[in-house]
Amino acid sequence: MPQPVISVRDLVKTYGKVEAVRGIDLEVRSGEIFGFLGPNGAGKSTTISILCTLIRPTSGVAQVAGIDVLKDPSAVRARIGLVFQDPSLDGQLTGRENLDFHAYLYGLPASTRKQRIDDALSIVELTDRADSTVLTYSGGMRRRLEIARGILHYPQVLFLDEPTLGLDPQTRNKIWDYLHSVRTREHITIFMTTHYMDEAEFCDRIAIIDQGKIVALGTPSELKTKVGGDVVTITTPDTAFASEEIRRVMQLEATQVDGTLLVEVPDSASFMPRLFSELSVPITAVSARRPSLDDVFLKLTGRAIREQGNTSLDTMRNMGRIWGAGRR
């Protein structure tokens, strides 16, 4: 069996008495798109920062591309690409100049630098805007340029933190077209976070982390089996009373989300008539559907995933200091 490109064993990170990561085990296979999902404070960003050599673990072992992140962080950095939430491009430079600077930092020889830049710009369809300043780029174009920069040095692993945050659905779809193209063309492993559950469906496998521990890991289809049957969404004038009545009369647990109640049932078709006949609270709306990854996330963590806070700017600043120190 081939060696995993990312391997984590009993990883722990503490800050004083706070356990941010509590002994997680994880393997990521070469060439897969791996999703890492978790609510704020779950340990997701801490784990990724350890893998990217931005912070040191308290204990445990983490290897990227077969290299221990503590024993040879410089070698790890040379083999990974990073695209974090917050933009880190120089708006005063052109797209090509941004890539050329990045290529210089990674020590790409001048003889191959231009071809690498041309190839990366072509992949993300920015060749015609290569010599325009980044200040004139749209949000989607800047994101595509960040991806081009991340793959410029042919990394074995590309880390993406919320790669399409704040983009419109059409641009998000185009970004994913580029990512699939990059993975196929450059044989890159992609390790990503996202709070868009429809995006998580693109992942080959997903790990859900909560309170510093991985609570589930599998393909999207495998994870959905953790939610049995159908999911019924109920809207009533009094969700608290309706929830209690569903528990008392029907022996079912209802979860309150955004002013509605979610109930897992084996068969929604047989449950609906009971709902209208046995619930004394008026029902203003009801619908049924198959389980989604949102439902899995809610079931396992007890809360719906929300937009993550903008925490990666400090990470990017730290990255710049660490990378710079590593090259001196």
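Everything here concerns the structure above.
Reading the values: the criteria
Residues numbered from 1 in each chain as written. Predicted model: local features only at pLDDT ≥ 70, side-chain atom pairs only at ≥ 80, totals over all residues. Heavy atoms only, no water. Helix = DSSP H or I, 4+ residues; strand = E, 2+ residues; numbered from the N terminus. Contact = heavy atoms within 4.5 Å. Areas by Shrake-Rupley, 256 points an atom, 1.4 Å probe, with all protein chains shown as cover. 1 Å grid on protein atoms, 1.4 Å probe; cavity = no way out; pocket = protein on both sides within 12 Å on 5 of 7 lines; lining within 4 Å. Points joined across faces, edges and corners; volume = space filled by probe spheres on them. Nonpolar A, V, L, I, M, F, W, Y, C, P; charged D, E, K, R; others polar. Polar contact = N/O pair within 3.5 Å; in protein donor to acceptor, adjacent residues only side chain to side chain. Buried < 20%, exposed > 50% of the residue type's maximum accessible area, 1.4 Å probe, protein only. Pairing = 2+ DSSP bridges. Right-handed = clockwise from strand over helix to strand, strands pointing away. Expected span 1.5 Å × (residues − 1). Arc of directions from axis to C-beta. Axes fitted to C-alpha atoms, helices over the stretch in contact; angles between N-to-C directions.

**Thoughts on the overall build of the protein chain**
(1) Moving on: On a plain count of helices and strands, the protein chain comes out with 12 helices and 14 strands.
(2) Moving on: Dimensions of the protein chain along its principal axes, counting C-alpha atoms only, are 75 × 45 × 40 Å.
(3) Moving on: Relative to all contacts within the protein chain whose residues are 6 or more apart in sequence, the contacts with residues 24 or more apart total 71%.
(4) Moving on: Within the structure as shown, the protein chain displays about 15300 Å² of accessible surface, and the carbon and sulfur contribution to it stands at 50%.

**Some thoughts on empty space enclosed by the protein**
(1) Moving on: Counted under the stated rule, the structure contains one cavity of 30 Å³ or more.
(2) Moving on: Considered as a void within the structure, the largest cavity measures approximately 40 Å³ in volume.
(3) Moving on: Around the largest cavity sit R116, D119, A120, I123, I151, L152, Y154 and E186, which together line it.
(4) Moving on: For the lining of the largest cavity, the element with the most residues is helix α4 (residues 110–123), which contributes four residues.
(5) Moving on: For the lining of the largest cavity, a count of residues per class yields five nonpolar, no polar and three charged.

**Quick look at the environment of E264**
(1) Moving on: With respect to the helices and strands, the residue E264 is situated in strand β13 (residues 260–265).
(2) Moving on: Beyond its immediate sequence surroundings of up to four residues, E264 is in contact with V227, G228, D230, L252 and K299.
(3) Moving on: Here K299 takes part through its side chain, which lies 3.1 Å from a polar atom of the side chain of E264.

**Some points on the pairing of strand β7 (residues 157–161)**
(1) Moving on: A large share of β7 lies buried, amounting to five of its five residues.
(2) Moving on: Burial along β7 is two-sided: the residues V157, F159 and D161 and L158 and L160 are all buried.
(3) Moving on: Where strand β6 (residues 80–83) and β7 come together, four bridges link them in parallel fashion. When the sheet's bridge partners are listed, L82 is paired in β7 with F159.
(4) Moving on: With five bridges connecting them, β7 and strand β8 (residues 189–193) associate as parallel partners. Directly across from L158, in β8, lies its bridge partner I190.
(5) Moving on: Once the chain exits β7 it traverses helix α6 (residues 169–186) before rejoining the sheet at β8, and the crossover so formed is right-handed.

**Topic: α6**
(1) Moving on: The end-to-end C-alpha distance of α6 is 25 Å, a good match for the 26 Å that 18 residues give at a rise of 1.5 Å each.
(2) Moving on: Residues of α6 that are buried include every one of T171, R172, I175, W176, Y178, L179, V182 and R183, and no others. All buried residues of α6 fall inside an arc of 160 degrees around its axis, so they share one side. Across from the buried face of α6, at angles greater than 90 degrees, the exposed residues are P169, Q170, D177 and T184.
(3) Moving on: Lining the buried residues of α6 we find β3 (33–37), α4, α5 (139–151), β7, β8 and α7 (197–200).
(4) Moving on: The N-terminus of α6 is capped by D168, whose side-chain oxygen sits 3.1 Å from the backbone nitrogen of Q170.
(5) Moving on: Taken from the residues just after α6, H187 is the one with a positive phi, measuring 55 degrees.

**Some details on helix α11 (residues 293–301)**
(1) Moving on: All buried positions along α11 are accounted for by L293, D295, V296, F297, L298 and T301.
(2) Moving on: One side-chain oxygen of the residue at the start of α11 lies 3.3 Å from the amide nitrogen of D294, identifying that residue as S292.

**Some points on the sheet that holds strand β10 (residues 213–218)**
(1) Moving on: Within the open sheet, the six strands sit side by side as β6-β7-β8-β3-β9-β10. Their pairing is mixed. Where the open sheet ends on each side, the last strands, each with one partner, are β6 and β10. Along the sheet, successive strands turn relative to each other by an average axial angle of 15 degrees, direction set aside.
(2) Moving on: Pairing geometry for β3 and strand β9 (residues 205–210), over four bridges, is parallel. In the sheet register, G35 faces β9, and the bridge partner there is I206.

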